[in-house]
Amino acid sequence: MIYFCSDQKRVEGSSVWKETSVQNILSYFKNHKHIALDTETSGLDPYSCELLSIQLGDFENQFVVEYSPKILEGLKPLFLRKDVVWVLQNAKFDLQFFYKHDIILEHIFDTFLAESIIYCGYDDVKLSNYVRKSLDVLALKYCGALLNKAIRGTINKVGLTDRVIEYGANDVKYLIPIMTSQMVKIKEDNLWGAVKLDNKFVRVLAYIEFCGIYLNVEKWKAKMEDDNQKLSDMEFALNKWVFEKFGDKYVNKQLDLFSAAKRCSLNWNSAKQIIPIFKELGVDTRVKDKKTGRMKDSIEAKHIAKQVSVSPLIQMYIDYKKAQKLVTTYGQNFLDAINPKTGRIHATFWQIMNTGRTSSGSGDTDDNSINLQNIPSDKVTRGCFTNQYEDTILVDCDYSQQEDRMYTQLSQEPALIDFYNDTTRKRDGHSFTAKLCFPKELKDVPEEEVKHVRPDLRSKAKGAKFAILFGGVGDTIARNLGLSKEEGDEVYDAYMKAFPKLKAYFDYIKPVVVKNGYVHFNDITNRRSYYQVFDEYQRLERTINRQWWEQFKQHKLHQTEEFLTYYKPTCKKFFNMRGDLERMALNYRCQGSSSDMSKLAGVWFFEWIIKENLFDKVKISNFVHDSL
């Protein structure tokens, strides 16, 4: 049954709902341990928009409450109960509207998050991920109920009509049955630790979005002006270099020579125009397209950076593209994102990626959404994020080498354990790694001096570590550091020789994930992430047997059409998929477990804020993987 509660008396009754009071609502839920909850609002921003209605209920009865300050005040005793689990779908949104009214719900079960945890690894595109875990999908999947969401976009215009009241009631009717069904799978896969943690952390992430971060406008404008000037200077230098090298070959003949030196007729943002220049300079621009397998021309930095010795124009161009990214990605869009009500940026965060990490922004490259987890590390850019008022202070705290320590924990590598347990002196992890990887070259160089005496070897060790920990091999190191294949293999071999237990851990965990088709993160939360196309991989694995390999060899020997159209692409696909699984094995356990640690730190910090009565006084402005 649907009940409707409002301060506004309606002239006529309804066949859809019965009228009720706040007191009746409090009485009905007096002994409930689980209450489904949802809201309808006048917009997405809790600061400029307001609640239209609050829906509470279970499968039998639903209560649609028209918002008014008086009614909300009357319902506060219910919302402040500590013995109730509030069941919501995408709780992060609703919680912020409650935060606006100083209501902090104690216990949450988010059906959207639960579904994301149960099927982590599937539907890795964020927006489609949201749609496929939406309430109408879950209601149909778990309850066989069809929910019509077409009315959603009209609520703000039509108000609480009978149709809207019925729509709102249905949004809470199925939440508890969905949760009950999800719990069967959660218990079966032993995922309660992960679900419990993320249901606690959603309160924190909602608070981070609600608090926002302060950007000093004057400093940012000064930074933008400086960035634009640097970009302009770099463009002038590129044009001047081309003009001096090639004369008027790339100059608009309608310009005089002085103007030509300033502005040759090249668009530095057009690869089609720039590629011929690099080819003429002897740069190899040919790369294989990962999607089609065909060769194509590319002047992406990761490709041409290996050839910087060919021409000074290469480094100039790479620096120009970096400067351009700074201007376009970290410019006016940040000023536009400042909320006029708060003077702060309230970015969007996504709680669960395939790796278990949290992300920021939409993930799309063609919009202006703000990613607060990828702010450039230079002092000028970071220095624009300050305290908002003179009597406040901005505090940053983070884990020390969180993922490196996690790899140490996972592998139990003695050399790394000894390093992290040595607190007698200030040590540098990359110099330490370099000493082990290059024992001959650094034999007589103290660890503290490596970064000054042989920064090249320290850089190689650093690059090798990041490549290897994310599943790279000698080829990867060679590509990343601009080394020959032989040099890349030498660095890889030296690293693995220096940390044999780490290598043993890699050799152990890769086949486990390849066999299971998912990564088990840790024994605390038991979080896992699936390889979405594992069924396809298994089919290929069954296909590629000894007989298949014999046929492969014969067709390859004669370079038959069948080899080119079937055997070669099938073989490549199989090994690419196995490579994906092995990289997941090395990367996800570390990133996901580290993320669980950071989430738990956020939960404890938020609980301390509540306990000390510091809500909305101590704000959490940002969350960047290992730091708050």
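Structural notes, computed from the coordinates. (Residues numbered from 1 in each chain as written. Predicted model: local features only at pLDDT ≥ 70, side-chain atom pairs only at ≥ 80, totals over all residues. Heavy atoms only, no water.)

Considering the packing of aromatic side chains
As enumerated under the stated definition, the model contains 44 aromatic pairs in all. Consider the rings of tyrosine 99 and phenylalanine 615, whose centres lie 5.3 Å apart with planes at 65°: the pair is edge-to-face. Residue tyrosine 99 is located in helix H3 (residues 91-99), and its partner phenylalanine 615 is located in the segment after helix H28 (561-611); the two are separated by 516 residues in the primary sequence. In this structure tyrosine 99 comes out as buried when scored by relative accessible area, which is 1%. Residues phenylalanine 419 and tyrosine 420 carry aromatic rings whose centres are separated by 5.0 Å and whose planes lie at 75° to one another, so their mutual orientation is edge-to-face. The class of phenylalanine 419 is buried, set by a relative accessible area of 6%. Taken together, the aromatic side chains of Phe534, Tyr537, Trp548, Trp549, Phe552, Phe563, Tyr566, Tyr567, Phe574 and Phe575 make up a single cluster linked through ring pairs. Above the ring of phenylalanine 59, the side-chain terminus of lysine 173 is found at 5.2 Å from the ring centroid. The cationic tip of lysine 223 hangs over the ring face of tryptophan 220; the distance from NZ or CZ to the ring centre is 4.5 Å. (Phe/Tyr/Trp six-rings, centres within 6.5 Å; stacked < 30°, edge-to-face > 60°. Helix = DSSP H or I, 4+ residues; strand = E, 2+ residues; numbered from the N terminus. Buried < 20%, exposed > 50% of the residue type's maximum accessible area, 1.4 Å probe, protein only. Lys NZ or Arg CZ within 6 Å of the ring centre and 35° of its normal.)

Thoughts on the pattern of salt bridges
Applying the stated criterion across every chain yields a total of 32 salt bridges. A salt bridge links lysine 76 to glutamate 73, with the nearest nitrogen and oxygen atoms 3.7 Å apart. Remark: glutamate 73 and lysine 76 occur in helix H2 (residues 69-79); sequence separation between them is three residues, near one turn of the helix. A single salt-bridge network, built from bridges that share partners, covers Asp422, Arg425, Arg427, Glu447 and Glu448. (Salt bridge = Lys/Arg side-chain N within 4 Å of Asp/Glu carboxyl O.)

Notes on the pairing of strand S7 (residues 107-110)
Where strand S6 (residues 85-88) and S7 come together, four bridges link them in parallel fashion. If you follow leucine 88 over to S7, its bridge partner there is aspartate 110. (Pairing = 2+ DSSP bridges.)

Concerning the packing of H3 against helix H10 (residues 192-211)
Relative orientation of the contacting elements H3 and H10 amounts to 60°, with a least axis distance of 9 Å. As the angle between them shows, H3 and H10 are arranged oblique. The handedness of the crossing between H3 and H10 comes out as right-handed. For the pair formed by H3 and H10, the contact residues are Ala91, Lys92, Leu95, Gln96 and Tyr99 on the first element and Val202, Arg203, Leu205, Ala206, Tyr207, Glu209 and Phe210 on the second. For the contact of H3 with H10, a count of residues per class yields eight nonpolar, one polar and three charged. (Axes fitted to C-alpha atoms, helices over the stretch in contact; angles between N-to-C directions. Parallel < 35°, antiparallel > 145°, perpendicular 65-115°, else oblique. Left-handed = near helix turned anticlockwise from the far one by under 90°. Contact = heavy atoms within 4.5 Å. Nonpolar A, V, L, I, M, F, W, Y, C, P; charged D, E, K, R; others polar.)

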